[in-house]
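Close look at the chain arrangement
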Amino acid sequence: MNKKIILKTKNHTYSINIEPNSIVRNLKNIITKNNKLVFLIDKKVFYIFKKLKNYKNQKYLVINCSEKLKSFNNYAKISEKILDFNIDRSTKIVAIGGGTLGDLSGFIASTILRGVDLILFPTTLLSQVDSSIGGKNGINTTSGKNLVGTFYQPKLVFIDPKILTTLSKREILSGYAEIIKHGIINDIKFFNWLNKNSEKILTLNNKTLSEAIYKSIIIKRKYVLKDEKENLKNNNSRALLNFGHTFGHALENYYKYNKKLTHGEAISIGMIIAAILSYKLGYLPIDHLNKIKNHFKLNDLPMSDNQMFNDKIFKIIEKDKKNDNKKINFVLIKKIGSAFLSNNLNLNKIKKTLK
Ligand SMILES: NC(=O)c1ccc[n+]([C@@H]2O[C@H](COP(=O)([O-])OP(=O)(O)OC[C@H]3O[C@@H](n4cnc5c(N)ncnc54)[C@H](O)[C@@H]3O)[C@@H](O)[C@H]2O)c1
Ligand SMILES: [Zn+2]
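The following paragraphs examine the structure supplied in this document. Treat the numbers as computed from the prediction; the structure is a model and nothing was measured.

Another aspect to go through is the site of ligand 1. Looking at ligand 1, there are 26 residues lining it, with Glu67, Gly99, Thr100, Thr124 and Thr166 nearest. Between an oxygen atom of ligand 1 and a side-chain N or O atom of Glu67, the distance comes to 2.7 Å. Between an oxygen atom of ligand 1 and a side-chain N or O atom of Thr124, the distance comes to 2.6 Å. Coverage of ligand 1 by the protein amounts to 91% of the 870 Å² it exposes when considered alone. Going through the elements one at a time, helix 4 (99-111), helix 5 (125-131), strand 8 (144-148) and helix 6 (169-186) are the ones with two or more residues in the shell around ligand 1. Split into classes, the residues belonging to the shell around ligand 1 amount to five nonpolar, 10 polar and 11 charged. Two domains each provide a minimum of three residues to the shell around ligand 1, namely domain 1 (3-165) and domain 2 (169-354).

Okay, structure coming up:
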(Lines give C-alpha, C1' and ligand atoms only; values in the text may rest on other atoms or scores of the structure.)
(Ligands and ions follow the chains in the order given, each with its own letter.)
Protein backbone atom coordinates (compact mmCIF):
# COMPACT_ATOMS: atom_id res chain seq x y z
CA MET A 1 0.00 0.00 0.00
CA ASN A 2 1.61 3.23 -1.15
CA LYS A 3 0.04 6.45 0.06
CA LYS A 4 0.85 10.08 -0.23
CA ILE A 5 -0.56 12.68 2.15
CA ILE A 6 -0.22 16.37 1.38
CA LEU A 7 0.01 18.70 4.33
CA LYS A 8 -0.64 22.31 3.39
CA THR A 9 -0.24 24.93 6.11
CA LYS A 10 -0.44 28.69 5.61
CA ASN A 11 3.14 29.02 4.41
CA HIS A 12 4.30 25.50 3.61
CA THR A 13 3.16 22.49 1.63
CA TYR A 14 4.87 19.14 1.87
CA SER A 15 4.19 15.52 1.14
CA ILE A 16 4.30 12.59 3.51
CA ASN A 17 4.97 9.37 1.64
CA ILE A 18 4.15 5.96 3.08
CA GLU A 19 5.63 3.01 1.22
CA PRO A 20 7.05 -0.28 2.50
CA ASN A 21 10.62 -1.07 1.37
CA SER A 22 11.17 2.41 0.02
CA ILE A 23 13.87 3.89 2.23
CA VAL A 24 16.98 3.00 0.22
CA ARG A 25 15.40 4.10 -3.05
CA ASN A 26 14.24 7.41 -1.53
CA LEU A 27 17.67 8.05 -0.03
CA LYS A 28 19.29 7.46 -3.42
CA ASN A 29 16.78 9.81 -5.04
CA ILE A 30 17.41 12.71 -2.74
CA ILE A 31 21.17 12.25 -3.06
CA THR A 32 20.80 12.43 -6.84
CA LYS A 33 18.62 15.52 -6.66
CA ASN A 34 20.61 17.52 -4.07
CA ASN A 35 24.31 18.14 -3.84
CA LYS A 36 24.37 19.65 -0.36
CA LEU A 37 23.04 17.31 2.27
CA VAL A 38 23.99 16.57 5.86
CA PHE A 39 22.65 13.28 7.24
CA LEU A 40 21.93 12.79 10.93
CA ILE A 41 21.48 9.07 11.46
CA ASP A 42 20.27 7.08 14.45
CA LYS A 43 22.98 4.49 15.18
CA LYS A 44 20.34 1.73 15.21
CA VAL A 45 19.50 2.29 11.54
CA PHE A 46 22.96 3.11 10.25
CA TYR A 47 22.97 -0.32 8.60
CA ILE A 48 20.48 1.07 6.10
CA PHE A 49 22.63 4.02 5.18
CA LYS A 50 25.48 1.63 4.58
CA LYS A 51 23.44 0.03 1.82
CA LEU A 52 24.20 3.11 -0.27
CA LYS A 53 27.31 2.32 -2.28
CA ASN A 54 28.89 5.73 -1.88
CA TYR A 55 27.75 6.45 1.63
CA LYS A 56 31.27 7.30 2.72
CA ASN A 57 31.29 10.27 0.33
CA GLN A 58 28.33 11.82 2.15
CA LYS A 59 28.47 14.25 5.06
CA TYR A 60 26.94 12.40 7.95
CA LEU A 61 26.88 11.97 11.72
CA VAL A 62 25.86 8.76 13.47
CA ILE A 63 24.04 9.50 16.69
CA ASN A 64 23.10 7.50 19.79
CA CYS A 65 19.41 8.16 20.30
CA SER A 66 17.27 8.23 23.43
CA GLU A 67 15.33 10.90 25.29
CA LYS A 68 18.64 12.17 26.70
CA LEU A 69 19.60 13.30 23.19
CA LYS A 70 17.17 16.21 23.45
CA SER A 71 19.42 18.45 25.56
CA PHE A 72 21.05 21.89 25.25
CA ASN A 73 24.38 20.16 25.32
CA ASN A 74 23.68 17.89 22.37
CA TYR A 75 22.02 20.71 20.48
CA ALA A 76 25.26 22.71 20.76
CA LYS A 77 27.60 19.79 20.06
CA ILE A 78 25.76 18.55 16.98
CA SER A 79 25.21 22.08 15.61
CA GLU A 80 28.97 22.72 15.85
CA LYS A 81 29.72 19.46 14.05
CA ILE A 82 27.30 20.34 11.26
CA LEU A 83 28.90 23.77 10.90
CA ASP A 84 32.27 22.03 10.60
CA PHE A 85 30.98 20.54 7.34
CA ASN A 86 31.04 24.10 5.93
CA ILE A 87 27.36 24.16 5.15
CA ASP A 88 25.53 27.06 3.55
CA ARG A 89 21.88 28.05 3.45
CA SER A 90 21.13 25.72 0.55
CA THR A 91 22.26 22.69 2.58
CA LYS A 92 19.48 20.34 3.63
CA ILE A 93 19.50 18.38 6.86
CA VAL A 94 18.24 14.82 6.52
CA ALA A 95 17.28 13.03 9.75
CA ILE A 96 16.98 9.23 9.71
CA GLY A 97 15.76 7.97 13.08
CA GLY A 98 13.10 8.12 15.76
CA GLY A 99 11.27 10.98 17.43
CA THR A 100 14.14 12.11 19.61
CA LEU A 101 16.44 12.53 16.62
CA GLY A 102 13.61 14.15 14.64
CA ASP A 103 12.85 16.65 17.42
CA LEU A 104 16.49 17.63 17.85
CA SER A 105 17.16 17.76 14.09
CA GLY A 106 14.10 19.95 13.56
CA PHE A 107 15.29 22.40 16.17
CA ILE A 108 18.79 22.46 14.67
CA ALA A 109 17.46 22.83 11.10
CA SER A 110 15.26 25.74 12.13
CA THR A 111 18.05 27.64 13.85
CA ILE A 112 21.31 26.79 12.09
CA LEU A 113 22.17 29.64 9.69
CA ARG A 114 18.69 30.89 10.68
CA GLY A 115 17.04 27.93 9.01
CA VAL A 116 17.88 25.28 6.43
CA ASP A 117 15.57 22.70 4.85
CA LEU A 118 14.73 19.52 6.74
CA ILE A 119 13.88 16.08 5.31
CA LEU A 120 12.63 13.38 7.67
CA PHE A 121 12.92 9.61 7.45
CA PRO A 122 11.16 8.52 10.68
CA THR A 123 12.20 5.01 11.71
CA THR A 124 10.14 4.29 14.84
CA LEU A 125 6.40 3.70 14.89
CA LEU A 126 5.98 6.71 17.17
CA SER A 127 7.83 9.02 14.81
CA GLN A 128 5.97 7.66 11.77
CA VAL A 129 2.49 8.22 13.22
CA ASP A 130 3.13 11.36 15.20
CA SER A 131 6.37 13.24 15.74
CA SER A 132 7.48 13.59 12.11
CA ILE A 133 4.17 15.28 11.26
CA GLY A 134 3.28 18.89 11.95
CA GLY A 135 6.54 20.72 12.52
CA LYS A 136 6.93 20.76 16.28
CA ASN A 137 10.44 20.20 17.56
CA GLY A 138 12.33 20.83 20.76
CA ILE A 139 14.62 19.85 23.56
CA ASN A 140 14.04 19.15 27.24
CA THR A 141 15.01 21.40 30.13
CA THR A 142 15.06 20.87 33.89
CA SER A 143 11.79 22.82 34.07
CA GLY A 144 10.02 20.40 31.76
CA LYS A 145 9.82 18.56 28.48
CA ASN A 146 10.06 20.24 25.08
CA LEU A 147 10.18 23.69 26.64
CA VAL A 148 12.69 25.04 24.13
CA GLY A 149 11.90 24.60 20.45
CA THR A 150 10.25 26.03 17.38
CA PHE A 151 7.48 25.32 14.90
CA TYR A 152 9.28 24.37 11.71
CA GLN A 153 7.69 22.23 9.01
CA PRO A 154 9.85 19.70 7.15
CA LYS A 155 10.15 19.83 3.33
CA LEU A 156 9.47 16.12 2.90
CA VAL A 157 8.66 13.06 5.01
CA PHE A 158 9.39 9.49 3.87
CA ILE A 159 7.86 6.66 5.86
CA ASP A 160 8.92 3.07 5.33
CA PRO A 161 6.89 0.79 7.63
CA LYS A 162 9.18 -2.15 6.79
CA ILE A 163 11.96 -0.54 8.76
CA LEU A 164 10.01 -1.21 11.95
CA THR A 165 10.87 -4.92 11.83
CA THR A 166 14.06 -4.25 13.83
CA LEU A 167 12.24 -2.21 16.47
CA SER A 168 11.72 -3.77 19.92
CA LYS A 169 8.22 -4.81 21.07
CA ARG A 170 8.44 -2.16 23.75
CA GLU A 171 9.07 0.61 21.20
CA ILE A 172 6.32 -0.66 18.91
CA LEU A 173 3.85 -0.49 21.77
CA SER A 174 5.05 3.02 22.62
CA GLY A 175 4.24 4.16 19.11
CA TYR A 176 0.90 2.39 19.27
CA ALA A 177 0.02 4.56 22.30
CA GLU A 178 0.04 7.66 20.08
CA ILE A 179 -2.10 5.82 17.50
CA ILE A 180 -4.79 4.92 20.03
CA LYS A 181 -4.58 8.50 21.34
CA HIS A 182 -5.69 9.74 17.92
CA GLY A 183 -8.73 7.43 18.06
CA ILE A 184 -9.64 8.45 21.61
CA ILE A 185 -9.52 12.18 20.98
CA ASN A 186 -11.03 12.36 17.53
CA ASP A 187 -12.48 9.29 15.92
CA ILE A 188 -14.53 6.53 17.53
CA LYS A 189 -14.66 4.60 14.25
CA PHE A 190 -10.88 4.51 14.20
CA PHE A 191 -10.86 3.46 17.87
CA ASN A 192 -13.23 0.58 17.07
CA TRP A 193 -11.16 -0.36 14.05
CA LEU A 194 -8.07 -0.44 16.28
CA ASN A 195 -9.95 -2.62 18.74
CA LYS A 196 -10.32 -5.18 15.97
CA ASN A 197 -6.90 -4.73 14.38
CA SER A 198 -4.46 -3.96 17.17
CA GLU A 199 -2.89 -7.39 17.12
CA LYS A 200 -2.14 -7.18 13.42
CA ILE A 201 -0.63 -3.74 13.88
CA LEU A 202 1.52 -4.80 16.81
CA THR A 203 2.78 -7.81 14.88
CA LEU A 204 3.54 -5.55 11.91
CA ASN A 205 1.13 -6.95 9.36
CA ASN A 206 2.13 -4.99 6.29
CA LYS A 207 -1.26 -3.81 5.08
CA THR A 208 -2.90 -3.14 8.44
CA LEU A 209 0.17 -1.37 9.77
CA SER A 210 0.36 0.95 6.76
CA GLU A 211 -3.33 1.71 7.11
CA ALA A 212 -2.97 2.52 10.82
CA ILE A 213 -0.07 4.86 10.08
CA TYR A 214 -2.05 6.54 7.32
CA LYS A 215 -5.21 7.02 9.41
CA SER A 216 -3.22 8.30 12.35
CA ILE A 217 -1.50 10.94 10.23
CA ILE A 218 -4.82 12.04 8.73
CA ILE A 219 -6.16 12.72 12.24
CA LYS A 220 -3.03 14.56 13.33
CA ARG A 221 -3.12 16.62 10.12
CA LYS A 222 -6.62 17.92 10.99
CA TYR A 223 -5.31 19.60 14.12
CA VAL A 224 -2.16 20.91 12.45
CA LEU A 225 -4.27 22.51 9.70
CA LYS A 226 -6.70 24.14 12.12
CA ASP A 227 -4.14 25.39 14.60
CA GLU A 228 -0.57 25.08 13.31
CA LYS A 229 1.04 27.06 16.13
CA GLU A 230 -1.29 25.98 18.91
CA ASN A 231 -2.85 29.39 19.46
CA LEU A 232 -6.45 28.26 19.85
CA LYS A 233 -8.05 27.46 23.19
CA ASN A 234 -11.20 25.86 21.81
CA ASN A 235 -12.15 22.45 20.45
CA ASN A 236 -10.05 22.99 17.34
CA SER A 237 -6.95 23.48 19.41
CA ARG A 238 -3.85 21.53 18.48
CA ALA A 239 -3.38 21.14 22.22
CA LEU A 240 -5.97 18.33 22.11
CA LEU A 241 -3.18 16.16 20.71
CA ASN A 242 -1.65 16.47 24.17
CA PHE A 243 -4.25 14.14 25.66
CA GLY A 244 -2.45 12.12 28.32
CA HIS A 245 0.63 14.33 28.08
CA THR A 246 0.21 16.45 31.23
CA PHE A 247 0.88 13.50 33.53
CA GLY A 248 2.93 11.73 30.87
CA HIS A 249 5.45 14.55 30.53
CA ALA A 250 5.55 15.01 34.31
CA LEU A 251 6.38 11.32 34.75
CA GLU A 252 9.14 11.52 32.16
CA ASN A 253 10.55 14.58 33.91
CA TYR A 254 10.22 12.89 37.32
CA TYR A 255 12.32 9.98 36.05
CA LYS A 256 14.80 12.46 34.53
CA TYR A 257 14.17 11.16 31.01
CA ASN A 258 15.87 7.86 31.80
CA LYS A 259 14.89 4.47 30.38
CA LYS A 260 12.37 3.68 33.14
CA LEU A 261 9.55 4.93 30.92
CA THR A 262 9.49 5.58 27.17
CA HIS A 263 7.48 8.56 25.97
CA GLY A 264 4.74 6.24 24.73
CA GLU A 265 4.57 4.41 28.07
CA ALA A 266 4.40 7.66 30.01
CA ILE A 267 1.56 9.03 27.91
CA SER A 268 -0.24 5.68 28.10
CA ILE A 269 -0.41 6.10 31.87
CA GLY A 270 -1.27 9.77 31.36
CA MET A 271 -4.19 8.85 29.09
CA ILE A 272 -5.64 6.51 31.70
CA ILE A 273 -5.34 9.24 34.35
CA ALA A 274 -7.00 11.77 32.00
CA ALA A 275 -9.79 9.31 31.20
CA ILE A 276 -10.42 8.57 34.89
CA LEU A 277 -10.44 12.29 35.63
CA SER A 278 -12.91 12.85 32.77
CA TYR A 279 -15.15 10.18 34.28
CA LYS A 280 -14.87 11.43 37.87
CA LEU A 281 -15.67 14.98 36.82
CA GLY A 282 -18.84 13.72 35.19
CA TYR A 283 -17.92 14.13 31.53
CA LEU A 284 -17.11 10.57 30.42
CA PRO A 285 -19.68 7.76 30.69
CA ILE A 286 -18.45 4.69 32.59
CA ASP A 287 -18.86 2.35 29.61
CA HIS A 288 -16.51 4.54 27.55
CA LEU A 289 -13.96 4.56 30.37
CA ASN A 290 -14.18 0.78 30.59
CA LYS A 291 -13.81 0.41 26.84
CA ILE A 292 -10.60 2.42 26.95
CA LYS A 293 -9.26 0.51 29.96
CA ASN A 294 -10.07 -2.83 28.34
CA HIS A 295 -8.26 -1.87 25.18
CA PHE A 296 -5.18 -0.86 27.15
CA LYS A 297 -5.27 -4.06 29.21
CA LEU A 298 -5.75 -6.28 26.19
CA ASN A 299 -2.79 -4.76 24.39
CA ASP A 300 -0.47 -4.51 27.42
CA LEU A 301 -0.31 -0.73 27.38
CA PRO A 302 0.91 0.49 30.77
CA MET A 303 -1.91 1.93 32.89
CA SER A 304 -0.24 3.00 36.10
CA ASP A 305 3.04 3.78 37.79
CA ASN A 306 3.65 3.67 41.50
CA GLN A 307 4.88 7.27 41.47
CA MET A 308 2.03 8.72 39.43
CA PHE A 309 0.36 10.53 42.34
CA ASN A 310 3.57 11.45 44.11
CA ASP A 311 3.45 15.09 45.23
CA LYS A 312 6.55 15.74 43.16
CA ILE A 313 4.60 14.90 40.00
CA PHE A 314 2.03 17.57 40.87
CA LYS A 315 4.86 20.05 41.53
CA ILE A 316 6.29 19.33 38.09
CA ILE A 317 2.90 19.88 36.48
CA GLU A 318 2.56 23.16 38.33
CA LYS A 319 5.96 24.30 37.10
CA ASP A 320 5.18 23.46 33.46
CA LYS A 321 5.42 26.81 31.71
CA LYS A 322 2.66 25.90 29.32
CA ASN A 323 0.04 26.43 32.02
CA ASP A 324 -1.66 29.82 32.32
CA ASN A 325 -1.35 31.22 35.85
CA LYS A 326 -2.50 28.58 38.31
CA LYS A 327 -4.98 27.04 35.91
CA ILE A 328 -3.97 23.87 34.12
CA ASN A 329 -4.86 23.42 30.47
CA PHE A 330 -5.99 19.84 30.69
CA VAL A 331 -7.30 17.73 27.83
CA LEU A 332 -10.38 15.73 28.86
CA ILE A 333 -12.83 13.57 26.92
CA LYS A 334 -16.62 13.55 26.75
CA LYS A 335 -16.68 10.24 24.96
CA ILE A 336 -14.34 8.18 22.85
CA GLY A 337 -13.67 10.33 19.79
CA SER A 338 -14.42 13.66 21.42
CA ALA A 339 -11.80 15.54 23.42
CA PHE A 340 -12.00 19.07 24.76
CA LEU A 341 -9.73 21.54 26.47
CA SER A 342 -10.63 22.25 30.06
CA ASN A 343 -9.12 25.43 31.43
CA ASN A 344 -10.98 25.76 34.69
CA LEU A 345 -9.13 23.06 36.58
CA ASN A 346 -6.54 23.85 39.18
CA LEU A 347 -4.12 21.35 40.60
CA ASN A 348 -5.88 21.02 43.94
CA LYS A 349 -9.08 20.03 42.23
CA ILE A 350 -7.26 17.49 40.07
CA LYS A 351 -5.49 16.08 43.14
CA LYS A 352 -8.69 15.82 45.16
CA THR A 353 -10.64 14.25 42.32
CA LEU A 354 -8.01 11.61 41.64
CA LYS A 355 -7.10 10.67 45.21
N1 LIG B 1 7.36 16.74 17.61
C2 LIG B 1 6.23 16.14 17.88
O3 LIG B 1 5.17 16.53 17.41
C4 LIG B 1 6.25 14.93 18.77
C5 LIG B 1 5.11 14.12 18.89
C6 LIG B 1 5.18 12.96 19.66
C7 LIG B 1 6.36 12.64 20.30
N8 LIG B 1 7.44 13.46 20.20
C9 LIG B 1 8.73 13.11 20.84
O10 LIG B 1 9.23 11.93 20.26
C11 LIG B 1 10.15 11.34 21.16
C12 LIG B 1 9.97 9.84 21.20
O13 LIG B 1 10.30 9.30 19.95
P14 LIG B 1 10.62 7.75 19.76
O15 LIG B 1 9.63 6.97 20.50
O16 LIG B 1 10.81 7.52 18.33
O17 LIG B 1 11.99 7.58 20.59
P18 LIG B 1 13.52 7.41 20.15
O19 LIG B 1 13.90 8.35 19.08
O20 LIG B 1 14.30 7.46 21.41
O21 LIG B 1 13.57 5.93 19.56
C22 LIG B 1 13.38 4.84 20.41
C23 LIG B 1 14.53 3.83 20.31
O24 LIG B 1 14.44 3.15 19.06
C25 LIG B 1 15.70 3.16 18.37
N26 LIG B 1 15.38 3.02 16.94
C27 LIG B 1 14.98 3.96 16.05
N28 LIG B 1 14.62 3.40 14.88
C29 LIG B 1 14.83 2.06 15.02
C30 LIG B 1 14.63 0.94 14.16
N31 LIG B 1 14.08 1.06 12.95
N32 LIG B 1 14.97 -0.28 14.65
C33 LIG B 1 15.47 -0.45 15.90
N34 LIG B 1 15.66 0.57 16.76
C35 LIG B 1 15.32 1.81 16.32
C36 LIG B 1 16.34 4.43 18.83
O37 LIG B 1 17.73 4.39 18.68
C38 LIG B 1 15.92 4.47 20.30
O39 LIG B 1 16.78 3.68 21.07
C40 LIG B 1 9.89 11.99 22.52
O41 LIG B 1 10.96 12.84 22.83
C42 LIG B 1 8.63 12.78 22.30
O43 LIG B 1 8.58 13.94 23.10
C44 LIG B 1 7.40 14.58 19.44
ZN1 LIG C 1 3.41 12.31 22.50
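Once the structure has been displayed, the description carries forward.
Put simply, the ideal angle at a metal is 109.5 degrees for four donors in tetrahedral geometry and 90 or 180 degrees for six donors in octahedral geometry. Within the protein, the zinc ion (ligand 2) binds to Glu178 (OE), His245 (NE2) and His263 (NE2); these donor distances fall in the range 2.0 to 2.1 Å. Summarised as a motif, the one-chain spacing of the donors to the zinc ion (ligand 2) is E-x66-H-x17-H. A residue pair is termed long-range when its members are at least 10 positions apart, and Glu178 in helix 6 and His245 in helix 9 (residues 245-254) qualify at 67 residues. With respect to class, Glu178 is no different from His245; both count as buried.

Each value, and the rule that gives it
Residues numbered from 1 in each chain as written. Chains lettered and ligands numbered in written order. Predicted model: local features only at pLDDT ≥ 70, side-chain atom pairs only at ≥ 80, totals over all residues. Heavy atoms only, no water. Near = heavy atom within 4 Å. Polar contact = N/O pair within 3.5 Å; in protein donor to acceptor, adjacent residues only side chain to side chain. Areas by Shrake-Rupley, 256 points an atom, 1.4 Å probe, with all protein chains shown as cover. Helix = DSSP H or I, 4+ residues; strand = E, 2+ residues; numbered from the N terminus. Nonpolar A, V, L, I, M, F, W, Y, C, P; charged D, E, K, R; others polar. Domains from an automatic or database assignment. Donors = N, O, S within 2.8 Å, 3.2 Å for Na, K, Ca; no water. Buried < 20%, exposed > 50% of the residue type's maximum accessible area, 1.4 Å probe, protein only.

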